[in-house]
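For reference, the chains in residue letters:
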Amino acid sequence: QVQLVESGGGLVQAGGSLRLSCAASGRTFSSYGMGWFRQAPGKEREFVAVISRSGGYTYYADSIKGRFTISRDNAKSTGYLQMNSLKPEDTAVYYCAIRSGTIATMAREYDYWGQGTQVTVSS
């Protein structure tokens, strides 16, 4: 079993930045690809970014490309999502998730999820 705990969410003005963290425990973090997803009220959960097990490959949703950066530190069993130039439409609960297979962009393909952290961007 793997436990994931997100942190770093909060309230920020448009144009501001936040860095989300995802701390993993229970199994070898480096064995898993990691993704970030978000869910706004009344909307489906959507893919944000994904990073390979080694960190050598990343892929982003078009809506956040150039503004967000996904990274990981396997020695610390922690993943990150640096969010810059935030917009009100980025307001959502952000979730990290991991999977043991190749990287994926569909939420149903992930094995373990964190509890989520709220990000609110004011205009």
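Please refer to the structure higher up on the page.
Residues numbered from 1 in each chain as written. Predicted model: local features only at pLDDT ≥ 70, side-chain atom pairs only at ≥ 80, totals over all residues. Heavy atoms only, no water.

For the rest of this paragraph, the subject is the state of the cysteines. Tallied over the full model, the rule gives one disulfide. Disulfide pairing is shown between C22 and C96; the S-S distance is 2.1 Å. What sets the handedness of the C22 and C96 disulfide is the S-S torsion sign, and at about 65 degrees it is right-handed. Of this pair, C22 sits in strand β3 (residues 18-25) while C96 is found in strand β9 (residues 92-99), placing the two residues 74 residues apart along the sequence. Of the two residues, C22 and C96, neither departs from the other in class, the shared state being buried. (Disulfide = S-S within 2.5 Å. Helix = DSSP H or I, 4+ residues; strand = E, 2+ residues; numbered from the N terminus. Buried < 20%, exposed > 50% of the residue type's maximum accessible area, 1.4 Å probe, protein only.)

This brings us to a nonpolar patch on the surface. Where nonpolar side chains cluster on the molecular surface, the patch consists of Y57, Y59 and I103 and spans about 270 Å² of accessible area. Residue placement: Y57 occurs in the loop between β5 (46-51) and β6 (58-60). Look at Y57 and you get partly exposed, because its relative accessible area is 43%. (Patch = residues over 30% accessible without salt bridge, like charges linked within 9 Å, V, L, I, M, F, W, Y side chains within 5 Å. Areas by Shrake-Rupley, 256 points an atom, 1.4 Å probe, with all protein chains shown as cover. Salt bridge = Lys/Arg side-chain N within 4 Å of Asp/Glu carboxyl O.)

Ranked by size, the top nonpolar core spans 35 residues in total, and within it W36, L81, M83 and Y94 carry the most contacts. Mapped by element, the contributors of at least two residues to this core are β3, β4 (33-39), β5, β7 (68-73), β8 (78-83), β9 and β11 (117-122). Each residue touching L81, except ones within four places of it in the same chain, is listed here: L18, R19, L20, W36, V48, A49, F68, T69, I70 and Y94. (Core = buried A, V, L, I, M, F, W, Y, C linked by side-chain atoms within 4.5 Å. Contact = heavy atoms within 4.5 Å.)

So, on to unusual backbone geometry. A positive phi angle is found at S77, which is not glycine, with a value near 55 degrees. Relative to the elements of secondary structure, S77 occurs in the loop between β7 and β8.

This brings us to the pattern of salt bridges. Pairing is possible between side chains of opposite charge, provided their charged atoms come close. Taken as a whole and judged by the stated rule, the model has four salt bridges. The partner of R38 in a salt bridge is E46, and the shortest N-O contact between them spans 2.5 Å. Residue classification places R38 among the buried residues on the basis of a relative accessible area of 6%. Residue D90 is joined to R38 by a salt bridge in which the shortest nitrogen-to-oxygen separation is 2.9 Å. Highlighted residues: D90 in the loop between β8 and β9 and R38 in strand β4, separated in sequence by 52 residues. Judged on exposure class, the residue D90 and its partner R38 are both buried.

Read across the sheet, four strands follow the order β1-β3-β8-β7 without closing on themselves; strand pairing throughout is antiparallel. Of all the strands in the sheet, the pair left with one neighbour each is β1 (3-7) and β7. For this sheet, the mean angle separating the axes of adjacent strands, direction not counted, is 15 degrees. (Pairing = 2+ DSSP bridges. Axes fitted to C-alpha atoms, helices over the stretch in contact; angles between N-to-C directions.)

One pass over the full model with this rule turns up seven aromatic pairs. On the basis of an interplanar angle of 75 degrees and a centroid distance of 5.9 Å, the ring pair of F37 and F47 is categorised as edge-to-face. With F37 in strand β4 and F47 in strand β5, the pair connects residues that are 10 residues apart, well separated along the chain. Residue F47 is classed as buried on the basis of its relative accessible area of 13%. Three or more aromatic residues link up through ring pairs in this structure, and these residues are F37, F47, Y59, Y95, Y110 and W113. (Phe/Tyr/Trp six-rings, centres within 6.5 Å; stacked < 30°, edge-to-face > 60°.)

Take it as geometry only, folks, not as evidence of what the structure does.
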